[in-house]
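Structural characterization, general
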Amino acid sequence: MQPTYACSACQWSGEENKFVTKILSIMYRSKHDNIQAFKQIKCPKCNNLVTIIFETLDGSVAK
Ligand SMILES: [Zn+2]
């Protein structure tokens with residue numbers, strides 16, 4: 001199940017694909033062969049910053 005987010009300013013809500021996302025920083029950890037990324041989630045309607053999430057991705061995907 002996908003997590004859902006909600007904008008506190010205009011009540012826009014839904015899954016991540018209904019929001020504007022932007023990668024803030026990426027750290028590649030070669031020891032663990034994965035990637036850690038900070039991702040910003042913004043509301044597409046009022047441009048309010050909804051949340052910042054921390055994601056760990058499998059490093060083999062990005063190669
Ligand atoms: Zn909003």
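Since we're looking at a predicted model, the values are computed, not measured. (Residues numbered from 1 in each chain as written. Predicted model: local features only at pLDDT ≥ 70, side-chain atom pairs only at ≥ 80, totals over all residues. Heavy atoms only, no water.)

Turning our eyes to something else, we now look at the sheet that holds strand β3 (residues 20–29). Read across the sheet, three strands follow the order β3-β4-β5 without closing on themselves; strand pairing throughout is antiparallel. The open sheet has two edge strands, β3 and β5 (49–58), and neither has a second partner. The average undirected angle you get between the axes of adjacent strands in this sheet is 20°. Inspection of the sheet shows β3 paired to strand β4 (residues 34–42) by nine bridges, in the antiparallel sense. Looking at the pairing, Arg29 lines up with Asn34 of β4. (Pairing = 2+ DSSP bridges. Helix = DSSP H or I, 4+ residues; strand = E, 2+ residues; numbered from the N terminus. Axes fitted to C-alpha atoms, helices over the stretch in contact; angles between N-to-C directions.)

Here Val50 shows up in strand β5. A relative accessible area of 21% means that Val50 is categorised as partly exposed. Distance in space between the C-alpha atoms of Val50 and Phe19 is 9.0 Å, their sequence separation being 31 residues. The residues touching Val50, leaving out its near neighbours within four places in the chain, are Tyr5, Ala6, Cys7, Phe19, Ile41, Lys42 and Cys43. (Buried < 20%, exposed > 50% of the residue type's maximum accessible area, 1.4 Å probe, protein only. Contact = heavy atoms within 4.5 Å.)

Although it is not a glycine, Gln11 adopts a positive phi angle of roughly 70°. Residue placement: Gln11 occurs in the loop between β1 (4–6) and β2 (13–15). Note on Gln11: relative accessible area 61%, which makes it exposed.

A few words on the environment of Tyr5. As for its placement among the helices and strands, Tyr5 is situated in strand β1. In this structure Tyr5 comes out as buried when scored by relative accessible area, which is 13%. For the pair Tyr5 and Ile26, spaced 21 residues apart in sequence, the C-alpha separation works out to 22 Å. Excluding its chain neighbours within four sequence positions, the residues that come into contact with Tyr5 are Trp12, Ser13, Gly14, Glu16, Phe19, Ile41, Val50, Thr51 and Ile53.

Everything listed here is a matter of coordinates, which is why it stays silent on function.
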